[in-house]
Amino acid sequence: MKKASLFLLTVLACAALPAAGQTIALGERAPELKVQSWLEDRIPAEAPKTYVEFFHSSNKVSLSSMERLKELSAQAGDGLRIVVLACEPEEKIALQLAPYLSPRIGVGFDPSGKLFAAYGVSYVPFGVLLGPRNRALWMGNTLQLTPEIIENSK
C-alpha cells in the first residue's frame, strides 16, 4: 500500500509539471529526450528507431518489461536503441537496472519528471517507439511490443 501510494504521488507530481501543452500522438513529433544523466555514463548507441521506456521501481511489471526489452534489443540488433527513463534517484534503482545496460540499452535519469509529463505518462510500463525523425510510431504497454511492430512501423 505504501509503495502504491508513493508511486501514485510520483506520477501525479510528474504530471503536474508544466508540459508546454505537449501531447503525444502517433505520427507527430515527440518531445526531445533531454536526459540529465545516464546510469554508469553509458549512453545507448544511435539507431534508426528509438524506444523510450518509462520506468518506476514501485511497479513490479516494470522490471518484467526490462526482460522483454533485452529480448527485443537482441532481436532488433543495430536497428533499435532503447532509452529507459526513470524519475527516481540513481542510487535507488541502479542495482535493479544495471544488469540490463548494453551498447543499445541505456538508463537515463529525469529527476524533475519533465519528460514523464511531456510524454503524458500516466502508467508504467509505458513506452513510445520513435522513428528516425523523432515521430511517434507506436505507444503502449511494453509487454505488448513485438519485433513485428518494431520492424513494420514507419
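This text goes with the structure placed above it.
Conventions and cut-offs
Residues numbered from 1 in each chain as written. Predicted model: local features only at pLDDT ≥ 70, side-chain atom pairs only at ≥ 80, totals over all residues. Heavy atoms only, no water. Helix = DSSP H or I, 4+ residues; strand = E, 2+ residues; numbered from the N terminus. Contact = heavy atoms within 4.5 Å. Areas by Shrake-Rupley, 256 points an atom, 1.4 Å probe, with all protein chains shown as cover. Pairing = 2+ DSSP bridges. Axes fitted to C-alpha atoms, helices over the stretch in contact; angles between N-to-C directions. Buried < 20%, exposed > 50% of the residue type's maximum accessible area, 1.4 Å probe, protein only. Expected span 1.5 Å × (residues − 1). Polar contact = N/O pair within 3.5 Å; in protein donor to acceptor, adjacent residues only side chain to side chain. Right-handed = clockwise from strand over helix to strand, strands pointing away.

A. View of the overall build of the protein chain. Looking only at helices and strands, the protein chain has five helices and six strands in total. Counting contacts in the protein chain only where the partners sit at least 6 residues apart, residues at least 24 apart contribute 76% of the total. Accessible surface, the protein chain as shown: approximately 8000 Å² in total, 57% of it carbon and sulfur.

B. Region of the structure containing unusual backbone geometry. Across the junction of Val124 and Pro125, the peptide omega takes the value 0°, indicating a cis bond. In this fold, Pro125 is placed in the loop between helix H4 (114-118) and strand S5 (126-130). Residue Glu40 is not a glycine yet carries a positive backbone phi of 55°. Note that Glu40 resides in the loop between strand S1 (37-38) and strand S2 (49-55). The backbone of Asn134 sits at a positive phi, close to 60°, despite the residue not being glycine. Summarising the element assignment, Asn134 is placed in the loop between S5 and strand S6 (136-140).

C. Representation of the sheet that holds strand S4 (residues 105-109) within the structure. Read across the sheet, six strands follow the order S1-S4-S3-S2-S5-S6 without closing on themselves; strand pairing throughout is mixed. The strands lining the two open edges of the sheet, one partner per strand, are S1 and S6. As judged from the five bridges shared by S2 and S5, these two strands associate in the antiparallel manner. Its bridge partner being in S5, Glu53 is matched across the sheet by Gly127. Together, S2, strand S3 (80-86) and S4 form the strand contacts of helix H2 (residues 60-76), whose direction differs from that of S2 by roughly 170°.

D. The pairing of S2, seen in detail. For S2, a buried count of seven out of seven residues is recorded, marking the element as mostly surrounded by other parts of the structure. Alternating positions in S2 separate into two faces, Lys49, Tyr51, Glu53 and Phe55 on one and Thr50, Val52 and Phe54 on the other, with burial throughout. Two strands pair when backbone bridges link them, and S2 and S3 are joined in this way by seven bridges, in the parallel orientation. In the sheet register, Val52 faces S3, and the bridge partner there is Val83.

E. Spotlight on the side chain of Arg81. By the secondary structure assignment, Arg81 is in strand S3. Classification of Arg81 by relative accessible area gives buried; the value is 12%. Leave out the neighbours within four places in its chain, and Arg81 touches Leu33, Pro44, Ala45, Glu46, Ala47, Lys49, Thr50, Tyr51 and Arg104.

F. Highlighting H2. Across its 17 residues, H2 extends 25 Å between first and last C-alpha, which sits within 8% of the 24 Å expected from 1.5 Å per residue. Each element contacted by the buried residues of H2 is listed here: S2, S3, helix H3 (90-97), S4 and helix H5 (147-152). Between the side-chain oxygen of the N-cap and the backbone nitrogen of Val61 there are 2.8 Å, and the N-cap of H2 in question is Asn59. Immediately downstream of H2, the backbone of Gly77 shows phi near 60°, a positive value.

G. Representation of the pairing of S4 in the model. Across the five residues that make up S4, a large majority, five, are buried. Residues of S4 alternate between two faces, with Ile105, Val107 and Phe109 on one and Gly106 and Gly108 on the opposite face, all of them buried. Sheet analysis places S1 next to S4, joined by two bridges and oriented antiparallel. For Trp38, the partnering residue across the bridge sits in S4 and is Gly108. Sheet analysis places S3 next to S4, joined by five bridges and oriented parallel. Residue pairing across strands places Leu85 opposite Gly108, the latter belonging to S4. One crossover worth recording links S3 to the parallel S4 by way of H3, and it is right-handed.

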